[in-house]
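What the coordinates show
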Amino acid sequence: MFGQFANAFLGRLSWHAFPQDAITRGGASAIVFGGFAIVALITLTHRWKWLWKEWLTSQDPKRIGVMYIIVSVVMLLRGLGDVALMRAQQATSAGNSHGILDANHFQQIFSAHGTIMIFFVAMGFLFGLINLVLPLQLGARDVAFPFLNATSFWLFFGGMALINLSLVIGDFSAAGWLAYPPLSELKFSPTTGVDYWIWSLEISGVGSLLSGINFLVTILKMRAPGMTLMKMPMFAWSVMGSMTLVAFAFPILTVTLTLLALDRTIGTHFFTAGGGGNAMMYVNLIWAWGHPEVYILILPAFGIFSEVVPTFSRKPLFGYASMVWAIWAIVVLSFTVWLHHFFTMGAGADVNAFFGIMTAVIAVPTGVKIFNWLFTMYRGRIRFATPMLWFMGFTVMFTIGGVAGVLMSVPAIDYQVHNSLFLVAHFHMMIISGVLFGYFAGLSYWFPKIFGFRLHEGLGKLAFWCWSIGFMLAFTPLYILGLMGATRRLDHYDASLGWQPLFIVAGIGVIFVLLGVGAQVLQLVLSIWQRDQRRDLTGDPWGGRTLEWSVPSPAPEYNFTTLPVVTARDQFWVDKRAGKTVEARYEDILLPKNTGMGLVIGVFAFLVGFGMIWHMYWLAVVALLGIMISVVVRACDNEPEHILRATEVEKMDNALRRRKQYV
Amino acid sequence: MSEVTTLDMPRIEAQATEKTVLGFWVYLMTDCVLFASLFAVYAVLHGNTFGGPGGRELFKLPYVLVETMALLTSSFTCGLAMIAAQKRDRSQVLLWLGVTFLLGLTFLGLELSEFHHMVLDGNGWRRSGFLSSYFTLVGTHGLHITFGLIWMAVIGIFIVRRGLTDGTLKRLTLLSLFWHFLDIVWIFIFTIVYLFGSLNI
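Rules used throughout
Residues numbered from 1 in each chain as written. Chains lettered and ligands numbered in written order. Predicted model: local features only at pLDDT ≥ 70, side-chain atom pairs only at ≥ 80, totals over all residues. Heavy atoms only, no water. Helix = DSSP H or I, 4+ residues; strand = E, 2+ residues; numbered from the N terminus. Contact = heavy atoms within 4.5 Å. Lys, Arg positive; Asp, Glu negative; His and termini not counted. Charge placed at Lys NZ, Arg CZ, Asp CG, Glu CD. Buried < 20%, exposed > 50% of the residue type's maximum accessible area, 1.4 Å probe, protein only. Buried area = accessible area lost by both parts, 1.4 Å probe. Salt bridge = Lys/Arg side-chain N within 4 Å of Asp/Glu carboxyl O. Polar contact = N/O pair within 3.5 Å; in protein donor to acceptor, adjacent residues only side chain to side chain. Nonpolar A, V, L, I, M, F, W, Y, C, P; charged D, E, K, R; others polar. Axes fitted to C-alpha atoms, helices over the stretch in contact; angles between N-to-C directions. Parallel < 35°, antiparallel > 145°, perpendicular 65-115°, else oblique. Left-handed = near helix turned anticlockwise from the far one by under 90°. Expected span 1.5 Å × (residues − 1). pLDDT = per-residue confidence, 0-100. Core = buried A, V, L, I, M, F, W, Y, C linked by side-chain atoms within 4.5 Å. Pairing = 2+ DSSP bridges.

1. Things to note about the overall build of chain B
The helix and strand tally for chain B stands at six helices and zero strands. Ordered by position from the N terminus, the helices and strands of chain B form the series α-α-α-α-α-α. Taken along the three principal axes of its C-alpha coordinates, chain B extends 75 × 30 × 25 Å. In chain B, the share of contacts with a sequence separation of at least 24, taken over all contacts with a separation of at least 6, comes to 82%. Averaging the positions of the 13 positive and the 13 negative side-chain charges in chain B gives two centres separated by 3 Å.

Below is the structure:
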């Protein structure tokens, strides 16, 4: 009787779900104690009310952006922890030595590494930066749907919470970051691991989709008066391309994950080995999302470079129109290359030839962009500030990685290096130097605008050099190893292969990367410590060109006292050159009221996921009802906005501008 | 907003409506991709009957035609509700919305009864890849219809309690877009799944 009740109530959750071995216990206690430490700190400093009022319920995209980036940075640290373990394993696990991890653990760690880095570092960082900058660049006060924006963040947060909970309760997927069936089917992965993977991505994926819709409408409907599309800053263009891809690609991810979940929970036969299922269909579906996803991440990074390079070269962007066309060429072509992830499927020569050619073709618009940036630098007055260094490191490494990619676009060559470390080296070179370096450049570039003080330049440069050196050290050996025949995801290899020295070099590379991260953490701490000396009093610390630099730093909640009128590209630069000063005029401003409803929806979504993972179906149903009721309650709110009076705006604006005269 | 302000509220509200409608269109397009993916899955798996029955044995076209007519008529009455809403005729709106709701409910009931019989005959989603994709594609449409009905009920209550305000009118517009969209998806399901299935194409 009790047993039946417990089964219905707790599903498959039991004491066995809690960690039993040393390494997992270490990770689990780090999470639990970390959580407790944060809660204790907030309680001791009496910051709960502040946290709730200023941050958790905030509808201000800049605040939401900061929260996204904080989560991403924490997740980056966790992803790097996984890297350190994997590199340590591969550097030591040759011949008779079996390293520090068993095979199952190793599999969980590389699965978690890929999943976390793409979904909870790169995606979070991406949406964070867009939230910080996009409305400011467009000359807008907000995004199109502020409440939806907050909800997206809390869905992202809910997914993140689930994936980390897998360390404490149950286990994580050991089926790789894309969980190919039939391995990811119930028969071969009976534990909760794959379910954690499915539901954390499903929830955060819905958040991403809603963000995509939101930012598309923001760009199409909320540009400042006079800002035609061809006068938009290039970052805004790149976001538009990226969000278009989100709108087209993320529904495919939602479907794919759902079908896998149905296979695992109600016994359908979509991807099973028997019963009329088709596992290769999964691989096609997931990459029909997965390849565009690569461009979703990298287009905005390209956009950031297109802002950074002109600013630090003191020249307008070379080839603006060709940049726009390159973005849209990439958007279209990115849906025609997915099969290059599995040329070895055996689709036949014609199909492989088509996708091989398209893959080589998509390198062309990317090349156009690289040349445009180089031509922008040509005869410019270049300042080697941290964002510019990230760009220059990117140019070198991205080109190397890109050439390796074009090499692999030839199916015959791909057959040789498929699933080898050569491939691993290639895509890390694209994603770290392209995406991550781009976002780092963006963060150091826009940091003063959001927080009102600059980051320490010296430590930023040190971080750049540590990352770059470490990165080359870590991945050059992998190219060689891949050509020598080392496949990816190896937890052990024979000593006679002679691979160990190269794996040790790669391990040393990771130590350099970790030093780089240490420099970044130190940079942040030191800059906050010295923030009074680092204040950006001009609002324009780099000699910027676009509208975000025309407002004081930190940018106020309402962004602009009066909406700017745009007549040219690089409007702020034109205004500065013409010596145009903004006369202070103040008007009433309509702003969204704070609401905790987004957070509530995020919590319910988390519970839906938790209920589905542990087969506590009553919980999933109750939480789903909770989401629906929350949406209806929100719809009943007749006055979701409040008016900021012109007099208050004047007071706030004066306070921001007066500081200039003090110092 | 009850406070006195220099803000041009009617203009701001018109802009907000414009943004919402565009955003909803974009959402519908993403939903279109969602259904397209499910159709693709069905196209891949529809021959994988794994020794079980195929569409020709399972589908009863006259039954599905009744189902289809119920849904198509509901789209028409939804349009009538919208016309009444433009004229700000509250009782007419409620009447046609009620008819739409009942027709939608009829459709859903017929679909569930069809599913029920198939499962009872041992032809549920576990039977084969074909049936998995059939139930998922058609069931996803049914799930959309269910959410549409809940939404319709909520808007009905809004209209009764608040009248035809700008806010409720905006929501009604979105709902009718959603409802027509589901109608179009159903036409594809009717053609590709049921008609082609009965011909064993």
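2. Describing the overall build of chain A
Check the secondary structure of chain A and you find 20 helices and two strands. Projected onto its principal axes, the C-alpha positions of chain A cover 70 × 65 × 45 Å. Evaluated residue by residue, chain A yields a buried proportion of 59% over its 663 residues. Looking at chain A alone, contacts between residues at least 24 apart form 83% of all its contacts between residues at least 6 apart.

3. Brief notes about the interface of chain A and chain B
In this assembly, 40 residues from chain A lie in contact with 40 residues from chain B. Of the roughly 3300 Å² buried where chain A meets chain B, counting both sides, 71% is carbon and sulfur surface. Our count for the chain A to chain B interface comes out at one salt bridge. We note a salt bridge from A:Lys221 to B:Glu18, for which the minimum N-O separation is 2.8 Å. At the junction of chain A and chain B, the tally comes to nine residue pairs in polar contact (both at pLDDT 80 or more). The set of elements that each furnish at least two residues to the side of chain A that touches chain B consists of α7 (193-221), α8 (234-265), α9 (279-313), β1 (589-592), α19 (617-636) and β2 (641-644) of chain A. Broken down by element, the side of chain A that touches chain B gets its largest block of residues, eight residues, from α8(A). Classifying every residue of the side of chain A that touches chain B gives 26 nonpolar, nine polar and five charged.

4. Here's the deal with the packing of helix α4 (residues 90-120) of chain B against helix α5 (residues 129-162) of chain B
Residue and element names in this part refer to chain B. Between α4 and α5, whose axes approach to 10 Å, the crossing angle comes to 155°. Here α5 runs roughly antiparallel to α4, going by the angle between their axes. Taken as a pair, α4 and α5 cross one another with a handedness that is left-handed. When its residues are assigned to classes, the contact of α4 with α5 shows 21 nonpolar, seven polar and three charged.

5. Side note on unusual backbone geometry
All names here are of chain A. Between Pro-181 and the following residue, Pro-182, the backbone shows a cis peptide bond with an omega angle of 0°. Residue placement: Pro-182 occurs in the loop between α6 (146-168) and α7. Geometrically, the link from Ser-553 to Pro-554 is a cis peptide bond, its omega value of -10° lying close to zero. Turning to its location among the elements, Pro-554 is positioned in the loop between α16 (500-529) and α17 (571-577). Located in the positive-phi region is Ala-179, a residue other than glycine, with phi close to 50°. Mapped onto the fold, Ala-179 is located in the loop between α6 and α7.

6. Quick notes on the side chain of A:Thr115
Residues and elements named next belong to chain A. You can see Thr-115 is positioned in helix α5 (residues 103-138). Given a relative accessible area of 0%, Thr-115 falls into the buried group. A polar contact of 2.7 Å, which involves the side chain of Thr-115, links it to the backbone oxygen of Ser-111. When near neighbours in sequence (up to four residues on either side) are disregarded, Thr-115 contacts Phe-120, Ile-163, Phe-172, Trp-177, Trp-197 and Leu-201.

7. Observations concerning α4(B)
All names here are of chain B. For α4, which comprises 31 residues, the first-to-last C-alpha distance of 44 Å matches the rise-based estimate of 45 Å (1.5 Å per residue) to within 8%. Among the residues making up α4, those that are buried are Val-93, Leu-97, Thr-100, Leu-103, Gly-104, Phe-107, Leu-108, Leu-110, Glu-111, Glu-114, Phe-115 and Met-118. If you follow the buried residues of α4, they end up packed against α2 (55-58), α3 (61-86), α5 and α6 (166-199). Directly after α4, the chain includes Gly-122, whose backbone phi takes a positive value near 85°.

8. Re the confidence of the model for chain B
Residues and elements named next belong to chain B. Confidence in the prediction for chain B averages 94 pLDDT; 97% of positions are at 70 or higher. Summarising per-element confidence for chain B, the mean pLDDT is lowest in α2 (92) and highest in α4 (97). Across the interface, the model reports ipTM at 0.96; the global pTM reads 0.96.

9. A look at the pattern of salt bridges
All names here are of chain A. Evaluated as defined, the whole model comprises 13 salt bridges over all chains. The closest approach of N and O atoms between Asp-60 and Lys-62, which form a salt bridge, is 3.3 Å. Overall, the relative accessible area of 8% leaves Asp-60 in the buried class.

10. Digging into the nonpolar core
Within the largest apolar cluster, 256 residues are counted, with the highest numbers of intra-cluster contacts made by A:Trp197, A:Trp289, A:Trp373, A:Phe610, B:Tyr134 and B:Tyr194. If we ignore the near neighbours within four places in the chain, the residues touching B:Tyr134 are B:Tyr42, B:Phe59, B:Glu114, B:Phe115, B:Met118, B:Gly139, B:Val193 and B:Tyr194.

11. Some points on the environment of A:Gly434
All names here are of chain A. Mapping Gly-434 onto the fold places it in helix α14 (residues 421-451). In this structure the C-alpha to C-alpha distance between Gly-434 and Leu-297, which are 137 residues apart in sequence, comes to 8.9 Å. Those residues within four positions of Gly-434 in sequence are excluded, and the remaining contacts are Ile-298, Ala-301, Phe-305, Phe-394, Phe-398 and Met-429.

12. Quick look at the packing of α6(A) against helix α18 (residues 597-613) of chain A
All names here are of chain A. Contact geometry of α6 with α18 gives a least axis separation of 8 Å together with a crossing angle of 35°. The handedness of the crossing between α6 and α18 comes out as right-handed. Here α6 contributes Phe-147, Thr-151, Trp-154, Leu-155, Gly-158, Ala-161, Leu-162 and Leu-165 to the contact with α18, which in turn contributes Met-597, Gly-598, Leu-599, Ile-601, Gly-602, Ala-605, Phe-606, Gly-609, Phe-610 and Ile-613. For the contact of α6 with α18, the class distribution of residues is 13 nonpolar, five polar and no charged.

13. Notes on the confidence of the model for chain A
Mean pLDDT over chain A: 94, with 99% of residues reaching 70 or higher. The weakest mean pLDDT in chain A belongs to helix α1 (residues 2-10) of chain A at 74; the strongest belongs to α8(A) at 98.

14. As for the pairing of β1(A)
Residue and element names in this part refer to chain A. Burial along β1 is two-sided: the face carrying Ile-589 and Leu-591 and the face carrying Leu-590 and Pro-592 are both buried. Sheet topology places β1 next to β2; four bridges connect them, and they run antiparallel. Pairing of Pro-592 across the sheet is with Glu-641, part of β2.

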